[in-house]
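Letter by letter, the chains look like this.
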Amino acid sequence: MRRKKLLLRTGLIYAGLILVLLVFIGPILWFALLAIRPSETVFAIPPVIFFTPSPAAFQSTFVDPGANRHQLVNSLIVAGGAVLLNLPFSFPAAYALSRFRMRGGKNMMLWYLGLLMAPPVAFLIPYFVLVSRIGLRGTYLAMILIMQTITIPFSVWLMKSFIDEVPVELEEAARVDGAKWPRVIARITLPLVRPGMIVTSMFAFVFSWNNAAFPLVLSNQRTATLPIGTLGYFATAGATWTFIGAAATAAMLPPMIIFLVLDRYVARGLTFGSLKG
Amino acid sequence: MASLGFKDVSKRFHDGTLALANVDLEVAHGEFMVLVGPSGCGKTTLLRSAAGLEEITSGEIRLGGRVVTDVDPSERDVAMVFQNYALYPHMTVRQNLAFGLEQRRLPGAEIAKRVAATAGTLGLERLLDRKPAALSGGQRQRVAMGRAIVREPACFLMDEPLSNLDANLRVQMRSELKLLNARLGVTTLYVTHDQVEAMTMGDRVAVLSPVSRPEDHNLQQCAPPAELYNSPANLFVAGFIGSPAMNFVRARIERGGNGPELLISGLPSPLRAGGRVAALKPRLERWLNRPVILGIRPEFFSLAAPGEGDLDVDVVMVEMTGADGYLHFELPIPPGPVETGLAEETVPHRHKQVTARVEPKLLPRAGTRAGLTIDLARAHFFDPDTGVAIR
């Protein structure tokens, strides 16, 4: 009797979990399948579940003629550049906000939060004007710089929480041991927040990679990123759904791979407090 | 090695809290000085000031004759042992020990030699390649000590280094540390809130109390442990040093028919001890017919048959620790506030509960009546207005 009840309960829990999973994985799966199904079955009713998969869409988007291949490279340049520019600015800011008492430090954190909460669309026109005036429109640099308005506030918040976790006594011990500030940071603080720097860079990459709003107004034909390329398929005579599926699936891959590979740092980052022992 | 001096040191934190006021303290060359006091008394702040981790608001700190008040911690040549050890978690024990020497750009061979010697002294040889996370509490403590020793600094600063250890290990490390200090002979400033640690380890002990006004003084008394115990300078020191704490009762010395009499407030009649009170006369001449505070350590009492001691009491509670027996009785508190100059927590139950130490074999039962004799020759008297000892 009790065993039956337990079985029923477990069954219900799993059913619930599968339902939730479907909601999250469903669309992703649908997009991935979109890329490999024949185009006439895209909106077929009843839905066609069994079909012969074909790499044709990937073939034409990334190989021949491969209009999106170049955009994939552009995305890598912009997101990579955004990552490289991110830490040199956000680490010192986070360090200062974590360690030093300063007038308005708290307000600064709130301001960063405000920047994160404001819809990027609100800034599109000002940024467009700004970037055009200084002659950077259509350049990678423009996109990389403007991406920082999202990545730096977020990174400062995240880095600060990691730096907060490093007991200040460790830095004090190093100072008494004879190390000056730069060396204390290089030998003690930086090695201890390395997981945090990896996680932060990871998020900076993903945010920049996924951002479509800024490249939409700041890029040109030559520097357009993958999200822009994907959007492009809506414009031509009707939407080319299989191409959209292929481009979107390709766009999803790098963030997924990054999360899978660096997963342990995220986990370590979350248990960082246990270090004090 | 060097002496360490604080001259008129005051420290106010940015939030306005006054931590240190007018601290004058001189730690002699090679001396083991313990700073002790309740929480908030500024002992850790004073230690951190010596390390340079805390800027002082006014005053001067000298190390071996050199004024180091504004010198960066990295250039003071002091070594500090932190309460939580502050071992670098990403480095091995060997790297932890070598770090300070590397900062001083010592040649590699010299570093290796010194690390090996220190590891030998502290029995860390087999742990050198482990990281702190893989060490027990006692081992971490040893590494923290090692990191200080290996530097051969002018002065050791230790911030409650034993407080994170369990009781047995603490006692063991206490004696090890003392032996080590005797062998190395390095000037040491040691912070603790544990008075047993203070009394057993210090060449001299400085008792600090919290301050609230800039004209106050943190330093209440600085003396060798025995002196601190036998002649406390004031009520604060008397109440802080000794466990169980000294009993304080209000009293009055009056000229009776047969000479001076000691009247303890709350007791109906003077102590039956005319002769012994007379012996105290020179000390208390000026205090005749004035209120004083009488300080009696629990061990100044001895048991007598009811009616035969100095006073008879109702035993409220008894405690047996094995070696000692403690008898608690109560004295009624007379009306009116009593200003003892002491924080409430340092003198529990103020004048209400009194503790007497007696031979455990003779310990009476709770609820019975017992006679007690007070060794008045050893008792302490304090000025009730200032709290200063009457000597």
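Procedures and definitions
Residues numbered from 1 in each chain as written. Chains lettered and ligands numbered in written order. Predicted model: local features only at pLDDT ≥ 70, side-chain atom pairs only at ≥ 80, totals over all residues. Helix = DSSP H or I, 4+ residues; strand = E, 2+ residues; numbered from the N terminus. Rg over C-alpha atoms; globule rule 2.2 N^0.38 Å. Buried ≥ 20, exposed ≤ 12 C-beta atoms within 10 Å, placed from the backbone. Contact = placed C-beta atoms within 7 Å. Pairing = 2+ DSSP bridges. Axes fitted to C-alpha atoms, helices over the stretch in contact; angles between N-to-C directions. Nonpolar A, V, L, I, M, F, W, Y, C, P; charged D, E, K, R; others polar. Core = buried A, V, L, I, M, F, W, Y, C linked by C-beta atoms within 7 Å. Expected span 1.5 Å × (residues − 1). Parallel < 35°, antiparallel > 145°, perpendicular 65-115°, else oblique. Left-handed = near helix turned anticlockwise from the far one by under 90°.

A. Seen up close, the overall build of chain A. When helices and strands are counted, chain A shows 12 helices and zero strands. Along its sequence from the N terminus, chain A presents helices and strands in the succession α-α-α-α-α-α-α-α-α-α-α-α. In terms of C-alpha radius of gyration, chain A reaches 24 Å, well past the compact-globule figure of 19 Å for 277 residues. Counting only C-alpha atoms and orienting by the principal axes, one finds that chain A spans roughly 75 × 70 × 30 Å. Every one of the 277 residues in chain A was classed for burial, and the buried ones make up 34%. Long-range contacts, defined here as pairs at least 24 residues apart, represent 77% of the contacts in chain A between residues at least 6 apart.

B. Quick look at the overall build of chain B. Secondary structure summary: chain B contains 10 helices and 19 strands in total. Considered along the principal axes of its C-alpha atoms, chain B spans approximately 85 × 45 × 35 Å. Split into buried and exposed, the 391 residues of chain B put 41% on the buried side. In chain B, the proportion of contacts linking residues at least 24 apart, taken out of those at least 6 apart, comes to 69%.

C. Region of interest: the sheet that holds strand β14 (residues 301-304) of chain B. Residues and elements named next belong to chain B. With respect to topology, five strands assemble into an open sheet ordered β14-β18-β15-β16-β17, the strand pairing being antiparallel. Among the strands making up the open sheet, the edge pair consists of β14 and β17 (353-358). Between one strand axis and the next, the sheet turns by 50° as a mean value, whatever way the strands run. Bridge count for strand β16 (residues 325-330) against β17 is six bridges, and the pairing is antiparallel. By the bridge assignment, Glu330 is partnered in β17 with Gln353.

D. View of the interface of chain B and chain A. Facing 19 residues of chain B, the contacting portion of chain A comprises 18 residues. For the side of chain B that touches chain A, the elements supplying multiple residues, two or more each, are β6 (78-81) and α2 (93-103) of chain B. Class assignment for the residues of the side of chain B that touches chain A results in 12 nonpolar, six polar and one charged.

E. Just the nonpolar core, in detail. Ranked by size, the top nonpolar core spans 144 residues in total, and within it Leu35(B), Val78(B), Met80(B), Leu157(B), Leu189(B) and Ala206(B) carry the most contacts. Not counting residues up to four positions away in its chain, the partners in contact with Leu157(B) are Leu47(B), Ala50(B), Ala51(B), Val78(B), Met80(B) and Leu189(B). By size, the runner-up hydrophobic cluster in this structure holds 13 residues, among which are Ala35(A), Leu72(A), Tyr233(A) and Ala250(A).

F. Structural context of the sheet that holds strand β9 (residues 204-208) of chain B. Residue and element names in this part refer to chain B. Pairing in this open sheet of six strands is mixed, and the strands run β6-β7-β8-β3-β9-β10 from one edge to the other. Every interior strand has two partners, whereas the edge strands, β6 and β10 (219-223), have only one. The sheet shows a mean angle of 15° between the axes of neighbouring strands, direction not considered. Judged from the four bridges that link them, β9 and β10 form a sheet pairing that is antiparallel. Paired with Val205 across the two strands is Ala223, which belongs to β10.

G. Unusual backbone geometry, seen in detail. All names here are of chain B. The linkage connecting Ser243 with the following residue, Pro244, adopts the cis geometry, with an omega of -5°. Among the structural elements, Pro244 can be located in the loop between α8 (235-240) and β11 (247-256). Backbone geometry places Asp77, a non-glycine residue, at a positive phi of 60°. Relative to the helices and strands, Asp77 resides in the loop between β5 (66-67) and β6. In this structure Asp77 comes out as buried when scored by C-beta crowding, with 20 C-beta atoms within 10 Å. A positive phi is found at Arg105, a non-glycine position, where the angle reads about 55°. Turning to its location among the elements, Arg105 is positioned in the loop between α2 and α3 (108-122). Judged by the 8 C-beta atoms lying within 10 Å of it, Arg105 is exposed.

H. Quick look at the pairing of β6(B). Residues and elements named next belong to chain B. Burial along β6 is two-sided: Val78 and Met80 facing one way and Ala79 and Val81 facing the other are all buried. Where β6 and strand β7 (residues 155-159) come together, four bridges link them in parallel fashion. Each residue of the ladder has a partner; that of Ala79, found in β7, is Phe156.

I. A look at helix α4 (residues 137-149) of chain B. All names here are of chain B. Over its 13 residues, α4 runs 18 Å from end to end, which matches the ideal 18 Å to within 8%, given 1.5 Å per residue. Buried residues dominate α4, accounting for 10 of its 13 residues. Within α4, the full set of buried residues consists of Arg140, Gln141, Arg142, Val143, Ala144, Met145, Gly146, Arg147, Ala148 and Ile149. For α4, the elements touching its buried residues are β6, α2, α3, β7 and α5 (167-184).

J. Highlighting the packing of helix α3 (residues 67-99) of chain A against helix α9 (residues 194-210) of chain A. All names here are of chain A. One way to put it is that α3 packs onto α9 with a least axis distance of 8 Å and a crossing angle of 140°. Looking at the two axes, α3 sits oblique to α9. Viewed along their axes, α3 and α9 form a crossing whose handedness is right-handed. On α9, the residues that touch Ser75, Val78, Ala79, Ala82, Val83, Asn86, Leu87 and Ser90 of α3 are Met197, Thr200, Ser201, Ala204, Phe205, Ser208 and Trp209. Taken together, the residues of the contact of α3 with α9 sort by class into nine nonpolar, six polar and no charged.

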